[in-house]
Amino acid sequence: MLSSPAALADLIGLRVADLSLWLDTRGSGIDVALPACHTQFLRDGLPDGGLVLYVRDGTLPSTEGWHPIHDQSETWQLWQDERGRYIFVAPEVCPPRRHVVVDPDFAAGEVIGEFALGTNVTPAVYPLQNLEIKVFANWLAGFGDLVLHAVGIDLGGAGYCFAGRSGAGKSTLAAALMAAGGATMLGDDNLALRYLEDRFRIFGTPWHQDPARCSPHGAPLERFFFLDRNGDPGVKPLKPVDGIARLLQTAFIPYYRQDAMPTILERLSLLAEAVPFYTLSYRLGDDVMALIREA
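Every chain is numbered on its own, with residues counted from 1 as its sequence reads. Residues qualify for local features only when their pLDDT is at least 70, as the model is predicted, and side-chain atom pairs are given and counted only at 80 or more; totals for whole chains, interfaces and linings, by contrast, use all residues. Note that water and hydrogens are dropped before the side-chain values are worked out from all heavy atoms of the structure.

Caption draft 1: Looking closely at the sheet that holds strand 1 (residues 11-16). Read across the open sheet, the nine strands follow the order 3-1-2-4-9-8-7-6-5; overall the sheet is mixed. With one partner strand each, in any of the chains shown, strand 3 (42-43) and strand 5 (67-70) form the two edges of the open sheet. Note on pairing: two strands pair once DSSP finds at least 2 bridges between them. Runs of E in the DSSP output that reach at least two residues are strands. Runs of H or I that reach at least four are helices, and both are numbered from the N terminus. Here five bridges tie strand 8 (residues 98-102) to strand 9 (residues 108-113), and the two strands are oriented antiparallel to one another. Paired with Arg98 across the bridge in strand 9 is Gly113. Here, two residues are considered to be in contact whenever any of their heavy atoms come within 4.5 Å of each other. Between N-to-C directions, angles cover 0 to 180 degrees, with each direction set by a line fitted to C-alpha atoms, over the stretch in contact for helices. Relative to strand 2 (residues 19-24), helix 1 (residues 132-141) is tilted by about 140°, and along the sheet it contacts strand 1, strand 2, strand 4 (51-57), strand 6 (77-80), strand 7 (86-90) and strand 8.

If you want it as structure tokens, here you go:
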């Protein structure tokens, strides 16, 4: 779902997981349609740090001299050019074809796309559609941080994370937590896990379908749960090593980023020492909030 492009300025600022991203479409002739969940993450003012991306319509550059980092996916690719810049590619299967070119320090870059599609009218688009989460995942990786495939809530100023593979019941859990009340839903599908000021924090992200199920806020991470559909109802402690093993199976780990993996693994080791892990099993109709509070 996209918002009306008429209400958007030529300079769009977003704040996600304490990182600022700016889309500068001035002079591009491109109308930007913002996904519905993104409206909560908008920020005002002029760029004062973060990543500034200049958006333009045009012919995509040649890949000559590029080094493949992640090129096995049909939906997106990551390359690096001779200047060390990262190039995120949305191929033909995700029209319009686009490249997001980002400097190694994630301070500046550009979005080049075939937005006009050979016509005289440029349709309203979101230039980072399908690529934004990849850009942020790699940006966060440079700090040793991650994007999690998980549900997250802020309960009284404390963050609770609920991870699981597809089909583990994350959407059902999110609905149950919202129905129970008393907590802020940070996200029902994707969260950012960051280590800031000597503490792990989880943040909501805009990569969801329902604006009511995400928030731009963050909270210190107090408990980390893994959903278990087959276990007996209740909460059971997990050994730190088992918790990390499960996290590696459910998070967006950029294994292709050999430069970032050592720091990420160090952070995960620290996470195992700082935050307790549990399994959570429940049945429809159970008081899930009570189970969480008992952990």
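Following the structure, the description resumes.
Caption draft 2: Broad picture of the pairing of strand 4. Taken together, the four bridges between strand 2 and strand 4 define a ladder with parallel strand orientation. Paired with Asp24 across the strands is Tyr54, a residue of strand 4. As paired strands, strand 4 and strand 9 are joined by six bridges and run parallel to one another. Its bridge partner being in strand 9, Tyr54 is matched across the sheet by Glu110.

Caption draft 3: Summary view of the packing of helix 3 (residues 240-250) against helix 4 (residues 261-274). At a closest axis distance of 9 Å, the pairing of helix 3 and helix 4 adopts a crossing angle of 135°. Taken together, the axes of helix 3 and helix 4 are oblique relative to one another. When the axes of helix 3 and helix 4 are compared, the crossing they make is right-handed. Contacts between helix 3 and helix 4 involve Pro240, Ile244, Leu247 and Leu248 from the former and Leu268, Leu271 and Ala272 from the latter. What sets the label is the angle itself: under 35 degrees gives roughly parallel, over 145 gives roughly antiparallel, 65 to 115 gives roughly perpendicular, and the rest give oblique. The sense of a crossing depends on the near helix, which, turned anticlockwise from the far helix by less than a right angle, makes the crossing left-handed and, turned clockwise, makes it right-handed.

Caption draft 4: Geometry of empty space enclosed by the protein. Whether a set of points on the 1 Å grid over the protein atoms alone is a cavity depends on a 1.4 Å probe fitting there but being unable to get out, while an open set qualifies as a pocket with protein on both sides within 12 Å along at least five of seven lines; lining residues are those with an atom within 4 Å of a point. Grid points are joined across faces, edges and corners, and a volume is the space filled by probe spheres set on the points. For the structure shown, the criterion picks out one cavity of 30 Å³ or more. When contributions to the lining of the largest cavity are tallied by element, the ones reaching two or more residues are strand 13 (190-196) and helix 4. Polar here means any residue other than Ala, Val, Leu, Ile, Met, Phe, Trp, Tyr, Cys and Pro, which are nonpolar, and Asp, Glu, Lys and Arg, which are charged; Gly is therefore polar. Among the residues forming the lining of the largest cavity, the class breakdown is five nonpolar, one polar and three charged.

Caption draft 5: Structural detail: the nonpolar core. Residues enter a nonpolar core if they are buried and are Ala, Val, Leu, Ile, Met, Phe, Trp, Tyr or Cys, with the set joined through side-chain atoms within 4.5 Å. With a 1.4 Å probe rolled over the protein chains alone, any residue whose accessible area is under 20% of its type maximum counts as buried; one over 50% counts as exposed, and the rest are partly exposed. Counting residues in each nonpolar core, the largest one holds 43 residues, and the members touching the most others are Leu21, Leu53, Phe88 and Val100. Secondary structure elements with two or more residues in this core: strand 1, strand 2, strand 4, strand 7, strand 8, helix 1 and strand 13. Among the elements that line this core, the one with the most residues is helix 1, at six residues. Once you skip the residues sitting within four places of it in the chain, Leu53 turns out to touch Leu21, Trp22, Leu23, Asp24, Val100, Val101, Val102, Gly109, Glu110, Val111 and Leu128. Core analysis: the second largest hydrophobic core is formed by 27 residues, Leu191, Leu221, Ala251 and Val275 among them.

Caption draft 6: Broad picture of helix 3. Buried residues of helix 3: Gly243, Ile244, Leu247 and Thr250, and no others. Around the axis of helix 3, the buried residues are gathered within 130° of arc, so they sit on the same side. Working definition: the arc comes from the directions between the helix axis and the C-beta atoms, pointing outward to the latter.

Caption draft 7: Region of the structure containing the packing of aromatic side chains. Here a pair means two rings of Phe, Tyr or Trp (six-membered ring of Trp) with centres within 6.5 Å. Their orientation is stacked below 30 degrees between planes, edge-to-face above 60, and tilted elsewhere. Here the structure, examined in full by the defined rule, presents 14 aromatic pairs. Aromatic side chains Tyr86 and Phe106 sit 5.7 Å apart centroid to centroid with 35° between the ring planes, which places their arrangement in the tilted category. Remark: Phe106 occurs in the loop between strand 8 and strand 9 and Tyr86 occurs in strand 7; sequence separation between them is 20 residues. Side by side, Tyr86 and Phe106 carry an identical accessibility label, which is buried.

Caption draft 8: The arrangement of the environment of Ala90 in detail. Considering the arrangement of structural elements, one finds Ala90 in strand 7. Counting along the chain gives 23 residues from Ala90 to Gly113, while the straight-line C-alpha distance between them is 9.2 Å. Beyond its immediate chain neighbours, meaning those up to four positions away, Ala90 contacts Thr75, Arg97, Arg98 and Leu131.

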